[in-house]
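# Structural overview
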Amino acid sequence: MSLVEQLKDQMKEAMRAKDKARLGTIRMALSAIKQIEVDTRETLTDEQTIAVLTKMVKQRRDSITQYESANRPELAAAEAAEIQVIETFLPSPLTEEEVAAIIDEAISQLGASTMADMGKVMGALKSKVQGRADMGAIGSQIRAKLN
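A few points on the structure. Per chain, the residues get numbers from 1 upward, laid out in the order the sequence is written. It should be noted that, the model being predicted, local features are given only for residues of pLDDT at least 70 and side-chain atom pairs only at 80 or more, the latter also being counted only at that level, while totals for whole chains, interfaces and linings use all residues. For side-chain calculations, the full set of non-hydrogen atoms in the structure is used, while hydrogens and water are omitted.

For the rest of this paragraph, the subject is the overall build of the chain. A run of H or I in DSSP counts as a helix once it spans at least four residues, and a run of E counts as a strand once it spans at least two, with each numbered from the N terminus. The helix and strand inventory of the chain stands at seven helices and zero strands. The linear arrangement of helices and strands in the chain, starting from the amino end, is α-α-α-α-α-α-α. Here the C-alpha coordinates of the chain stretch approximately 55 × 40 × 30 Å along the principal axes. Remark: exposure states derive from per-residue accessible area (1.4 Å probe, protein chains only) relative to the maximum for the residue type, with buried under 20%, exposed over 50%, and partly exposed in between. The buried share among the 147 residues of the chain stands at 33%. We call two residues contacting when some pair of their heavy atoms lies within 4.5 Å. When contacts within the chain are restricted to residue pairs at least 6 apart in sequence, long-range pairs at least 24 apart make up 56% of them. Summed over all atoms, the accessible surface of the chain reaches about 9,100 Å², with 52% contributed by carbon and sulfur. The accessible surface values rely on the Shrake-Rupley method and a 1.4 Å probe; as for residues, cover is taken only from the protein chains in view.

Below is the structure:
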């Protein structure tokens with residue numbers, strides 16, 4: 001079952017359970033996916049769908065930071081609730097040890113030794129860790145290992 005189909009099934013379940021918060025979040029995710037499909041005129045793969053959901057989580061985390069700095073805890077709580085719903089559809093996150101092992105493996109496979117090779121390493125890792133780890137944190141770990 002594709003990720004979009006899972007989202008649609010969960011939307012139906014949320015409708016039956018009259019869970020308005022979950023229903024709204026799932027509809028928002030499906031809407032974002034549908035918008036990209038309409039714009040690109042192609043059906044998204046599960047990997048592309050994970051990228052959309054990951055982007056939505058990142059946007060909500062940024063919003064939480066802004067709401068907290070503006071002293072709006074009720075809006076930050078609503079965003080946090082949306083993150084929890086979206087994360088149920090994302091793959092389980094990698095641990096620090098798993099990320100380090102994946103980085104070491106990619107560096108050795110590519111024979112990377114300098115900062116000039118960082119782009120190659122990031123490209124190789126993107127498909128493996130997308131939605132499961134923060135690419136910004138991975139970039140800093142790669143930078144530390146290549147220096």
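Before going further, it helps to examine the nonpolar core. Leu7, Ile26, Leu30, Ile33, Leu53, Met56 and Phe89 are the most contacted members of the largest nonpolar core, which has 23 residues in total. Within the residue set of this core, elements represented by two or more residues are helix H1 (3-17), helix H2 (20-40), helix H3 (46-69) and helix H4 (73-87). For this core, the leading source of residues is H3, giving six residues. Ignoring sequence-local partners within four residues, the contact set of Phe89 consists of Leu3, Gln6, Leu7, Gln10, Arg22, Ile26 and Leu53. Ranked by size, the runner-up nonpolar core spans 14 residues in total, among them Ile102, Ala112, Val129 and Leu146. We call a set of buried Ala, Val, Leu, Ile, Met, Phe, Trp, Tyr and Cys residues a nonpolar core when their side-chain atoms join them within 4.5 Å.

What follows deals with H2. Helix span, expected: 1.5 Å multiplied by one less than the number of residues in the helix. Counted at 1.5 Å a residue, the expected span for H2 with its 21 residues is 30 Å, and the 30 Å between its end C-alpha atoms agrees. Taken together, the buried positions of H2 are occupied by Arg22, Leu23, Thr25, Ile26, Ala29, Leu30, Ile33 and Glu37.

With their axes 9 Å apart at the nearest point, H3 and H4 run at an angle of 160° to one another. With respect to each other, H3 and H4 are oriented roughly antiparallel. Crossing hand, H3 versus H4: left-handed. Together, Leu53, Met56, Val57, Arg60, Arg61, Ser63, Ile64, Tyr67 and Glu68 of H3 and Leu75, Ala76, Glu79, Ala80, Glu82, Ile83, Ile86 and Glu87 of H4 make up the contact between the two elements. Here the nonpolar group is Ala, Val, Leu, Ile, Met, Phe, Trp, Tyr, Cys and Pro; Asp, Glu, Lys and Arg are the charged ones; every other residue, Gly included, is treated as polar. Across the contact of H3 with H4, the residue classes break down as 10 nonpolar, one polar and six charged. Interaxial angles span 0 to 180 degrees and are taken between N-to-C directions of axes, which are lines fitted to C-alpha atoms, for helices over the stretch in contact. Roughly parallel refers to an angle under 35 degrees, roughly antiparallel to one over 145, roughly perpendicular to one between 65 and 115, and oblique to any angle outside these ranges. Should the near helix be turned anticlockwise from the far one by less than a right angle, the crossing is left-handed, and should it be turned clockwise, the crossing is right-handed.

Where H1 contacts H2, the two axes come as close as 9 Å, and the packing angle between them is 150°. In terms of orientation, H1 and H2 fall into the roughly antiparallel class. By crossing handedness, the relation of H1 to H2 is classed as left-handed. Facing H1, whose interface residues are Val4, Leu7, Lys8, Gln10, Met11, Ala14 and Met15, H2 presents Arg22, Leu23, Ile26, Arg27, Leu30 and Ile33. The residue inventory of the contact of H1 with H2, partitioned by class, reads nine nonpolar, one polar and three charged.

Turning next to H1. With 15 residues, H1 should cover 21 Å at 1.5 Å per step; its first-to-last C-alpha distance of 21 Å lies within 8% of that length. Those residues of H1 that are buried lie in contact with H2 and H3. Just beyond H1, the residue with positive phi is Lys18, at close to 55°.

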